[in-house]
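Chain and residue survey
Spelled out from the first residue to the last, the chains are:
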Amino acid sequence: MYVKICGLREPEHVAAAVEAGADAVGFVLTRSPRRVTPERARELASAVPPHVLTVAVFAGETPEQVRAATLASGVRAVQLHGDHPHGDFTALRDLGVTLVRAGAAGVDLRCGAFGEDLLIVDAPRPGSGEPWDWAAVRGRPSGRWMLAGGLDPSNAAGAIAAARPWGVDVSSGVETAPGVKDAGLIGDFVAAAREAAAG
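A brief structural summary. (Residues numbered from 1 in each chain as written. Predicted model: local features only at pLDDT ≥ 70, side-chain atom pairs only at ≥ 80, totals over all residues. Heavy atoms only, no water.)

So, about the overall build of the chain. If you tally the helices and strands in the chain, you get six helices and 10 strands. Since a compact globule built from 199 residues should have a radius of gyration of about 16 Å, the 15 Å found for the chain is in line with a globular shape. When burial is assessed residue by residue, the chain has 49% of its 199 residues classed as buried. Partitioning the contacts of the chain with sequence separation of at least 6, the portion at a separation of at least 24 is 51%. A total accessible area of about 8400 Å² is found for the chain, and carbon and sulfur atoms account for 53% of it. Each charge class in the chain can be summarised by its mean position, and for the 19 positive and 23 negative side chains these summaries are 3 Å apart. (Helix = DSSP H or I, 4+ residues; strand = E, 2+ residues; numbered from the N terminus. Rg over C-alpha atoms; globule rule 2.2 N^0.38 Å. Buried < 20%, exposed > 50% of the residue type's maximum accessible area, 1.4 Å probe, protein only. Contact = heavy atoms within 4.5 Å. Areas by Shrake-Rupley, 256 points an atom, 1.4 Å probe, with all protein chains shown as cover. Lys, Arg positive; Asp, Glu negative; His and termini not counted. Charge placed at Lys NZ, Arg CZ, Asp CG, Glu CD.)

Structure follows, in structure tokens:
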């Protein structure tokens, strides 16, 4: 089970995610309570070992803005969240980073349909952190896809059983307040997801 912890802002929470065994950590470089600057993302990413993917998250920025922020942050992946056209992914392919497409369950659910490497299937209101009918997508997405939207340590196992994803992505579900991560919840979430997958 591939696990991504998103919206990280503090070194101790990045360390907690890495120590818990997360496969990817995300830094939000778009409008959000979790937003960090490209320079801060570079600081945080510099402490992440090579086997953990560092992801910069964007929503609505132009390919030129994404390119500039990605180069400044030094991350190894770009996540375009929401209604980004196919051309945005094509325009960023030469960056040589992993491309991640994220959107609501109603979008094209074939990983790679827009030239991306990974797909995130989110709630009907992407980025809301609201639980939704995870079972509704079971058997529909293909390829390397992660389930997101309303996940937390208490419901991760049920969501994984319902949707059967390749991976899971969490942000608000490991927070004590908007943008405030909790190291204990991060560890609990990774453990719950791995346990569910093993079961």
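This part is about the side chain of His 81. Tracing the chain through its elements places His 81 in strand 4 (residues 77-81). Of the polar contacts made by the side chain of His 81, one reaches the side chain of Asp 122; its length is 3.1 Å. (Polar contact = N/O pair within 3.5 Å; in protein donor to acceptor, adjacent residues only side chain to side chain.)

Counting across every chain of the model gives two aromatic pairs. With centroids separated by 4.6 Å and ring planes inclined at 20 degrees, the aromatic side chains of Tyr 2 and Trp 166 adopt a geometry described as stacked. With Tyr 2 in strand 1 (residues 2-5) and Trp 166 in the loop between helix 5 (156-163) and strand 8 (167-170), this pair connects stretches of sequence that are 164 residues apart. Classification of Tyr 2 by relative accessible area gives buried; the value is 16%. (Phe/Tyr/Trp six-rings, centres within 6.5 Å; stacked < 30°, edge-to-face > 60°.)

Before going further, it helps to examine the environment of Pro 141. Here Pro 141 is to be found in the loop between strand 6 (118-122) and strand 7 (145-147). Ignoring anything within four residues of it in the chain, the contact list for Pro 141 reads Leu 109 and Val 121.

Turning our attention to unusual backbone geometry. The backbone phi angle of Arg 164 is positive, close to 55 degrees, even though this residue is not glycine. Take Arg 164: it is sitting in the loop between helix 5 and strand 8.

Attention shifts here to the pairing of strand 6. A large share of strand 6 lies buried, amounting to five of its five residues. Residues Leu 118, Ile 120 and Asp 122 point to one face of strand 6 and Leu 119 and Val 121 to the other, with burial holding for every one of them. Sheet topology note: the strand 5 (residues 98-104)/strand 6 ladder contains five bridges and is parallel. By the bridge assignment for strand 6, Ala 104 is matched with Asp 122. The pairing of strand 6 with strand 7 spans three bridges and is classified as parallel. Bridge pairing links Val 121 to Leu 147 in strand 7. (Pairing = 2+ DSSP bridges.)

This part covers helix 5. For helix 5, the set of buried residues is Ala 156, Ala 159, Ile 160, Ala 162 and Ala 163. Projected down its long axis, helix 5 carries its buried residues within an arc of 165 degrees, all on one side. Along its buried surface, helix 5 packs onto strand 7, strand 8 and helix 6 (183-198). Once helix 5 finishes, Arg 164 follows within two positions and takes phi at roughly 55 degrees, a positive value. (Arc of directions from axis to C-beta.)

This part is about the packing of helix 5 against helix 6. It is at 8 Å that the axes of helix 5 and helix 6 come closest, and there the two elements cross at 35 degrees. By crossing handedness, the relation of helix 5 to helix 6 is classed as right-handed. For the pair helix 5 and helix 6, the contacting residues are Ala 156, Ala 157 and Ile 160 in the first and Phe 189, Ala 192, Ala 193 and Ala 196 in the second. For the contact of helix 5 with helix 6, the residue count by class is seven nonpolar, no polar and no charged. (Axes fitted to C-alpha atoms, helices over the stretch in contact; angles between N-to-C directions. Left-handed = near helix turned anticlockwise from the far one by under 90°. Nonpolar A, V, L, I, M, F, W, Y, C, P; charged D, E, K, R; others polar.)

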